[in-house]
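# Geometric and topological summary
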Amino acid sequence: MNSGPDTKSKLPDVGTTIFTVMSRRAIEQGAVNVGQGFPDYPIDPALATCVADAIAAGFNQYAPMEGNIGLRAAIATGISAAGGRAVDPESEITVSCGGTESIYSAIQAVVGPGDEAIVFDPAYDAYDPAIRLAGGRCIHIPLAAPHFRYDWERVRRAISDRTRLIVINNPHNPATSVATAGDLDALAALVLERGKGDRPITVLADEVYEHVLYDGRKHQSVMNHEVLSSCSYAVYSFGKTLHITGWRVGYCVAPTELTRELRKVHQFNAFSIAAPLQEAIRLYLERHPDAWRRVGAFFSAKRDLLRARLADSGLELPPAQGSYFQLADYGRLAGFSSLDDVQFTEKLINEAGVAVIPLSPFYREPPAGMRIVRLCVAKRDETLIEAARRISGYLRPGAHA
Ligand SMILES: Cc1ncc(COP(=O)(O)O)c(C=O)c1O
């Protein structure tokens, strides 16, 4: 959402993110908020106990710049348990301020003035500004609706001598699609074509929804890929995995050389992450080692609930494969299909009392006629039921008379 171009700004076209804007509006309007991606249910009380335990145990001063070593060891164990390569917690894992800081630091570490970085639209909004702040040029390649698949031939054509980084997001926010093994192989082939010379292509794999896959799908992580695991920054978020987005604890896994460069940025940016929170997560993973495994089933039930409750709304609901979002297409709804997605979102919040997120802000050039909005399923069942009741009642009043 922009407040007009500012010629003195380094990012003249960037305003407050659509997520913040919609959450603020939801509070002002008293709307049900299924827009921004954060849980509205309480955290596991056992996790809260771990915070108290960590503080009582004295974890109150600067944590190591790289992250709590016990936590990093637990992360490395988790990666190999999921079939990933052996990771050295000392030199290959860095705990960051949410996944966001890992993304920012990785981009600053790799991209320089005149370099190009490829992102896929719709794209999570943190990539493009970080690339431009690094002095790079961001090349946007669309994923085509309705299935949001990669066109690797188009990517090959977009690669130039200046390409330094390719950013993928899997599972994908907002598309809710997941990458296949074939996608990772195709990406690896492009990286190999460039070779290891002095200007290799690095991959930034945003895998913050790694545990949120539906209907028996298996996450295809760059960490499990022979080629990509040696040339990628892989980014994760405890915010997503343990339902604690406000703690701002994430991490980045990358080969030693890449990690060394990332830490040069991280140490002068975040420096280190909240000591008691890192120790609390370490304790929690020790006491509940299978906590991460429950997330997929948890969100799958919520996705199904929302879909069932919206069945009569007239919205088309493309099947979500992963992430904790559900897309809704209003293009066939008489009386609404002429509105663009921002106008539709405005109407929903003002007239139905429900905050959702339009898809066009995730694009540099939104496809003409796209009529899709994003709903977050990481909400209490009551929130999802009430949101669906209001949406259905508003869009199809007759159907619920
Ligand atoms: C695709 C994607 N990447 C990264 C992040 C950032 O994660 P964190 O909240 O840990 O900074 C988010 C958060 O919504 C996201 O959806």
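These figures come from a predicted structure and were not determined experimentally.

## Quick word on the site of the ligand
- Around the ligand there are 13 residues in total, and Thr100, Asp206, Tyr209, Ser237 and Lys240 lie nearest to it.
- Note that an oxygen atom of the ligand is positioned 2.8 Å from one of the side-chain N or O atoms of asparagine 173.
- A distance of 2.6 Å is found between an oxygen atom of the ligand and a side-chain nitrogen or oxygen belonging to serine 237.
- Computed on the free molecule, the ligand has an accessible area of 390 Å², of which 93% lies beneath the protein chains in the complex.
- Take the shell around the ligand: its biggest share by element is 4 residues, from helix α5 (residues 98-110).
- The residue makeup of the shell around the ligand, split by class, is 4 nonpolar, 6 polar and 3 charged.

## Let's talk about the nonpolar core
- Ranked by size, the top nonpolar core spans 67 residues in total, and within it Phe120, Ile168, Phe238, Trp247 and Ile281 carry the most contacts.
- The leading source of residues in this core is helix α11 (residues 275-287), at 6 residues.
- Beyond its immediate stretch of four places on either side in the chain, isoleucine 281 contacts Leu71, Phe238, Leu242, Ile244, Trp247 and Val249.
- Within the second largest apolar cluster, 60 residues are counted, among which are Ile103, Leu204, Leu306 and Tyr324.

## Some remarks on the packing of helix α3 (residues 69-81) against α11
- One way to put it is that α3 packs onto α11 with a least axis distance of 8 Å and a crossing angle of 45°. Judged by the angle between their axes, α3 and α11 are oblique. Relative to α11, the crossing made by α3 is left-handed. Contact residues: Gly70, Leu71 and Ala74 in α3; Gln278, Ile281, Arg282 and Leu285 in α11.
- Each residue belonging to the contact of α3 with α11 can be placed in one class, and the counts come to 4 nonpolar, 2 polar and 1 charged.

Rules used throughout
Residues numbered from 1 in each chain as written. Predicted model: local features only at pLDDT ≥ 70, side-chain atom pairs only at ≥ 80, totals over all residues. Heavy atoms only, no water. Near = heavy atom within 4 Å. Polar contact = N/O pair within 3.5 Å; in protein donor to acceptor, adjacent residues only side chain to side chain. Areas by Shrake-Rupley, 256 points an atom, 1.4 Å probe, with all protein chains shown as cover. Helix = DSSP H or I, 4+ residues; strand = E, 2+ residues; numbered from the N terminus. Nonpolar A, V, L, I, M, F, W, Y, C, P; charged D, E, K, R; others polar. Core = buried A, V, L, I, M, F, W, Y, C linked by side-chain atoms within 4.5 Å. Buried < 20%, exposed > 50% of the residue type's maximum accessible area, 1.4 Å probe, protein only. Contact = heavy atoms within 4.5 Å. Axes fitted to C-alpha atoms, helices over the stretch in contact; angles between N-to-C directions. Parallel < 35°, antiparallel > 145°, perpendicular 65-115°, else oblique. Left-handed = near helix turned anticlockwise from the far one by under 90°.

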